[in-house]
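These are the residues of each chain, in order.
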Amino acid sequence: QVQLVESGGGLVQAGGSLRLSCAASGSIFRINAMSWYRQAPGKQRELVATITSNDITNYEDSVKGRFSISRDNARNTVYLQMNSLKPEDTGVYYCSADLTIRTVANLRARGEYWGQGTQVTVSS
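Residues numbered from 1 in each chain as written. Predicted model: local features only at pLDDT ≥ 70, side-chain atom pairs only at ≥ 80, totals over all residues. Heavy atoms only, no water.

Taken as a whole and judged by the stated rule, the model has one aromatic pair. Between the aromatic rings of Y37 and W114, the centroid separation amounts to 4.8 Å while the plane-to-plane angle is 50°, which identifies the pairing as tilted. Of this pair, Y37 sits in strand β4 (residues 28-39) while W114 sits in strand β10 (residues 108-114), and the two are 77 residues apart along the sequence. Residue Y37 is classed as buried on the basis of its relative accessible area, which comes to 17%. One Lys or Arg, R19, reaches over the ring of Y79 and ends 4.0 Å from the middle of that ring. When the ring centre of Y37 is taken as reference, the NZ or CZ atom of R45 above it lies at 5.1 Å. (Phe/Tyr/Trp six-rings, centres within 6.5 Å; stacked < 30°, edge-to-face > 60°. Helix = DSSP H or I, 4+ residues; strand = E, 2+ residues; numbered from the N terminus. Buried < 20%, exposed > 50% of the residue type's maximum accessible area, 1.4 Å probe, protein only. Lys NZ or Arg CZ within 6 Å of the ring centre and 35° of its normal.)

The following block contains the structure:
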């Protein structure tokens, strides 16, 4: 059973910072990529940042220069450092992982997995 657990959300004033963490566990053969998504109230879920197995990163335009995604391979953990937060950054942030896992038959399967989300609220 593969699990992704997010942490680090909270309430912060505009201009402040938060650091989100997402730890993956289970029968993981390889982490191909990990991403952060967010969903603001009344809006669709959007991709915020992605990091690949080769440490190539990309960001949604509105967070470039403010957010930084990184990973710790030894801990199967991805981070999102969020600086200069704005009220429009408010939402539930979800961790998503493109994983190759080991099945119960000891086969390998690739799929996308999601965490439960962590709330980020930025006050004006």
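With antiparallel pairing, four strands are arranged side by side in an open sheet as β1-β3-β8-β7. Of all the strands in the sheet, the pair left with one neighbour each is β1 (3-7) and β7 (67-72). Strand-to-strand twist in this sheet, taken as the mean axis angle between neighbours without regard to direction, amounts to 15°. Pairing between β1 and strand β3 (residues 18-25): five bridges, direction antiparallel. If you follow E6 over to β3, its bridge partner there is C22. (Pairing = 2+ DSSP bridges. Axes fitted to C-alpha atoms, helices over the stretch in contact; angles between N-to-C directions.)

Here β3 pairs with strand β8 (residues 77-82) via six bridges, running antiparallel. Across the sheet, residue C22 finds its bridge partner in β8, namely V78.

This brings us to the state of the cysteines. For the structure shown, the criterion picks out one disulfide. With its sulfur 2.0 Å from that of its partner, C22 forms a disulfide with C95. The disulfide joining C22 to C95 has a torsion of about -80° about its S-S bond and is therefore left-handed. In this pair, C22 is assigned in strand β3 and C95 in strand β9 (residues 91-102), connecting sequence segments 73 residues apart. Taken as a pair, C22 and C95 share a single burial class, namely buried. (Disulfide = S-S within 2.5 Å.)

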